[in-house]
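One-letter residues, chain by chain:
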Amino acid sequence: LNNCIDIEYNSPRHRDLIYRTEFSNFIRGKHGDMVLWDFSNAQLNDKMIMLRYSIRNGVINANDNGEQDKLLLVGDTLFSIAQASGMTNLQYYKPEIKIKYPMGYGDTIGGYFYCDGILDYNRYMCQAGYTETQVVGNGGLITPDCDSLSNVLLLRQVKNGYVKLSETFNNSYARSQNKLL
């Protein structure tokens, strides 16, 4: 398969270094087949953030600037099973589908999810709904330093559902439950 997200080539590997940065002067790119996304005029912010991750017992633990995600690869499908950031901690009882390998231009995958946990150390939070991921673009990319990449896919994820929050409760109970990740 050409121009697809493939499990063999697109999964994190031991010792991979992944960096994230933000940039300005970006105009949203086009969707479609054979698109060129040109970031050559984008201005990179000075701050480079290293994404840290580890893989243990088939679970990918990713840490992006204090936001933690636990992802699980089951067969050919990658699921989100837990998330934490600052004062929020969520555990998925029906995991959220993130991607299915291989995925190419025009492909869509979706599924229902359910999670609950603690918000702001003192509120119970429940979230449920449907997530759909679509490959809406295929083409090449020119980076801010004028390097080029081919076989680039643009993904769009739409999440529909509801969030339910409880009244505040005892902080000591919430802190004792805040050990999901």
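Counting starts from 1 at the beginning of each chain's written sequence and moves along it residue by residue. In keeping with the model being predicted, local features are shown solely for residues with a pLDDT of at least 70 and side-chain atom pairs are shown and tallied solely at 80 or more, while totals for entire chains, interfaces and linings include all residues. Heavy atoms throughout the structure, all of them, feed into the side-chain values; hydrogens and water do not.

Undergrad: Help me understand the overall build of the protein in this model?
TA: When helices and strands are counted, the protein shows two helices and 12 strands. Accessible area is worked out with a 1.4 Å probe on protein chains only. A residue is then buried under 20% of its type maximum, exposed over 50%, and partly exposed in between. Looking at the protein residue by residue over its 181 residues, the buried ones come to 33%. Two residues qualify as a contact provided that any one of their heavy atoms is within 4.5 Å of a heavy atom in the partner residue. Sequence separation of at least 24 residues holds for 53% of the intrachain contacts in the protein that already meet a minimum separation of 6. Looking at the protein as shown, the accessible area adds up to about 11600 Å², and 50% of this sits on carbon and sulfur atoms. The way it works is that DSSP assigns letters per residue, a run of H or I at least four long becomes a helix, a run of E at least two long becomes a strand, and they are numbered from the N terminus. Note on areas: these come from Shrake-Rupley sampling with a 1.4 Å probe, and a residue is covered only by the protein chains present in the view.

Undergrad: What is the right way to look at the pattern of salt bridges in this model?
TA: It is possible for side chains bearing opposite charge to pair when their charged atoms get close. One speaks of a salt bridge when a side-chain nitrogen belonging to Lys or Arg is within 4 Å of a carboxyl oxygen belonging to Asp or Glu. The full count for this structure, using the stated rule, is three salt bridges. Across the pair Asp76 and Lys100 runs a salt bridge whose closest N-O atoms are separated by 4.0 Å. Here Asp76, found in the loop between strand 6 (67-74) and strand 7 (77-85), pairs with Lys100, found in strand 8 (residues 88-100); they are 24 residues apart in sequence, far enough to count as distant. In this structure Lys100 comes out as partly exposed when scored by relative accessible area, which is 34%. Between Glu96 and Lys159 there is a salt bridge whose closest N-O contact spans 3.3 Å. A residue pair is termed long-range when its members are at least 10 positions apart, and Glu96 in strand 8 and Lys159 in strand 12 (residues 148-168) qualify at 63 residues. Here the residues in one salt-bridge network are Glu96, Lys98 and Lys159, joined through shared partners.

Undergrad: I'm lost on the nonpolar core in this one. Help?
TA: Throughout, nonpolar core names a set of buried Ala, Val, Leu, Ile, Met, Phe, Trp, Tyr and Cys residues whose side chains join them through atoms within 4.5 Å. Core analysis: the largest hydrophobic core is formed by 13 residues, its most contacted members being Leu78, Ile99 and Met103. For this core, the element with the most residues is strand 7, which contributes three residues. Contacts of Leu78, omitting those with residues within four sequence positions, involve Ile60, Leu71, Leu72, Leu73, Glu96, Ile97, Lys98, Ile99 and Tyr101.

Undergrad: Is there a simple way to explain the side chain of Gln127 in this structure?
TA: Mapping Gln127 onto the fold places it in strand 11 (residues 123-142). If we skip the residues at most four places from it in the chain, Gln127 touches Leu90, Tyr92, Phe113, Tyr114, Cys115, Lys159, Tyr162 and Val163.

Undergrad: Just checking my understanding: could you explain the packing of aromatic side chains for this structure?
TA: Ring pairs (aromatic) are described by centroid distance and by the angle formed between their planes. Paired rings are identified among Phe, Tyr and Trp, the last through its six-membered ring, by centres lying within 6.5 Å, and are further divided according to the angle between planes into stacked (under 30 degrees), edge-to-face (over 60) and tilted (the rest). Here the structure, examined in full by the defined rule, presents three aromatic pairs. When the ring of Tyr92 is compared with that of Phe113, the centres are 6.3 Å apart and the planes differ by 55°; the resulting orientation is tilted. Of this pair, Tyr92 sits in strand 8 while Phe113 is found in strand 10 (residues 108-119), placing the two residues 21 residues apart along the sequence. With a relative accessible area of 5%, Tyr92 lands in the buried category. Aromatic pair Tyr112 and Tyr130: ring centres 4.9 Å apart, planes at 70°, arrangement edge-to-face. Here Tyr130 lies in strand 11 and Tyr112 lies in strand 10, a separation of 18 residues in the sequence. Owing to a relative accessible area of 57%, Tyr112 belongs among the exposed residues under this scheme. Throughout this description, the term charge over a ring refers to an Arg CZ or Lys NZ atom that lies within 6 Å of the ring centre and within 35 degrees of the ring normal. The residue whose ring lies beneath Lys159 is Phe113, and the NZ or CZ to ring-centre distance is 5.0 Å.

Undergrad: Help me understand the pairing of strand 8, please; the structure alone is not making it clear to me.
TA: Remark: a regular strand shows side chains that alternate across the two faces of the sheet. Taken together, the eight bridges between strand 7 and strand 8 define a ladder with antiparallel strand orientation. Looking at strand 8, one finds that Ser80 is bridged to Glu96. Bridging between strand 8 and strand 10 involves five bridges; their strand directions are antiparallel. Considered in strand 10, the bridge of Gln91 is made with Asp116. DSSP calls a pair of strands paired once it identifies at least 2 bridges connecting them.

Nothing here speaks to function; it is geometry throughout.
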